[in-house]
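Descriptive structure summary
Take a look at the letters that make up each chain.
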Amino acid sequence: MTGVQNYNRDAFLCSELHLRALGYDVENPWRFGAVDGWGHYEYMRRDIVSLAECDAIYMLSGWKHSRGARKEWAVARWVFGMRRIKL
């Protein structure tokens, strides 16, 4: 999200709608909102807590260019043993 116009809102919301239409329950980190004074690590802590409640992860296009997304994928795969949903 960092460094992307409007924190990549449209891509997050479009993907959420698509996944819900396919029958998935979705935890969308974009919907968690911004917190004054928070930086990368605070957001990562919050997102990882949410990720722990999931069964799988969907990665937006271009995720390999995001240090946060790469960390989330590593935790999802190697800590929680999740599969990645591909559309």
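Residues numbered from 1 in each chain as written. Predicted model: local features only at pLDDT ≥ 70, side-chain atom pairs only at ≥ 80, totals over all residues. Heavy atoms only, no water.

Notes on helix H2 (residues 40-51)
Along its twelve residues, H2 runs 16 Å from first to last C-alpha, staying within 8% of the 16 Å computed at 1.5 Å per residue. Taken together, the buried positions of H2 are His40, Met44, Arg46, Asp47, Ser50 and Leu51. Each buried residue of H2 lies within a common arc of 165° when the element is viewed along its axis, so the set occupies one face. In H2, the exposed positions that point more than 90 degrees away from the buried face belong to Tyr41, Arg45 and Val49. Against strand S1 (56-58) and helix H3 (67-79) lie the buried residues of H2. (Helix = DSSP H or I, 4+ residues; strand = E, 2+ residues; numbered from the N terminus. Expected span 1.5 Å × (residues − 1). Buried < 20%, exposed > 50% of the residue type's maximum accessible area, 1.4 Å probe, protein only. Arc of directions from axis to C-beta. Contact = heavy atoms within 4.5 Å.)

Focus: the layout of surface pockets
Its volume calculated, the largest pocket comes out at about 1400 Å³. The set of elements that each furnish at least two residues to the lining of the largest pocket consists of helix H1 (9-21), H2, S1, H3 and strand S2 (83-85). Among the elements that line the lining of the largest pocket, the one with the most residues is H2, at eight residues. Partitioned by chemical class, the residues of the lining of the largest pocket number 25 nonpolar, 13 polar and ten charged. (1 Å grid on protein atoms, 1.4 Å probe; cavity = no way out; pocket = protein on both sides within 12 Å on 5 of 7 lines; lining within 4 Å. Points joined across faces, edges and corners; volume = space filled by probe spheres on them. Nonpolar A, V, L, I, M, F, W, Y, C, P; charged D, E, K, R; others polar.)

Details of the packing of H2 against H3
Where H2 contacts H3, the axes come no closer than 11 Å and their chain directions differ by 35°. Pair H2 / H3 crosses with right-handed handedness. Of H3, the residues touching H2 (which contributes His40, Tyr41, Met44, Asp47, Ile48 and Leu51) are Arg67, Gly68, Lys71, Glu72, Val75 and Ala76. Each residue belonging to the contact of H2 with H3 can be placed in one class, and the counts come to six nonpolar, two polar and four charged. (Axes fitted to C-alpha atoms, helices over the stretch in contact; angles between N-to-C directions. Left-handed = near helix turned anticlockwise from the far one by under 90°.)

Quick look at the pattern of salt bridges
Summed over the entire model, instances satisfying the criterion amount to four salt bridges. A salt bridge links Arg31 to Glu16; its shortest N-O distance comes to 2.7 Å. Of this pair, Arg31 sits in the loop between H1 and H2 while Glu16 is found in helix H1, placing the two residues 15 residues apart along the sequence. Between Asp47 and Arg46 there is a salt bridge, and its shortest N-O distance comes to 4.0 Å. Assigned by exposure class, Asp47 and Arg46 land together as buried. (Salt bridge = Lys/Arg side-chain N within 4 Å of Asp/Glu carboxyl O.)

Quick word on the packing of aromatic side chains
Within the structure shown, the criterion is met by two aromatic pairs. Where Trp63 meets Trp73, the ring centres are 6.4 Å apart and the plane angle is 65°; that geometry is what we call edge-to-face. Of the two residues, Trp63 sits in the loop between S1 and H3 while Trp73 sits in helix H3, which places them ten residues apart along the sequence. Side by side, Trp63 and Trp73 carry an identical accessibility label, which is buried. Arg77 extends its terminal NZ or CZ atom over the ring of Trp78, reaching a point 4.6 Å from the ring centre. (Phe/Tyr/Trp six-rings, centres within 6.5 Å; stacked < 30°, edge-to-face > 60°. Lys NZ or Arg CZ within 6 Å of the ring centre and 35° of its normal.)

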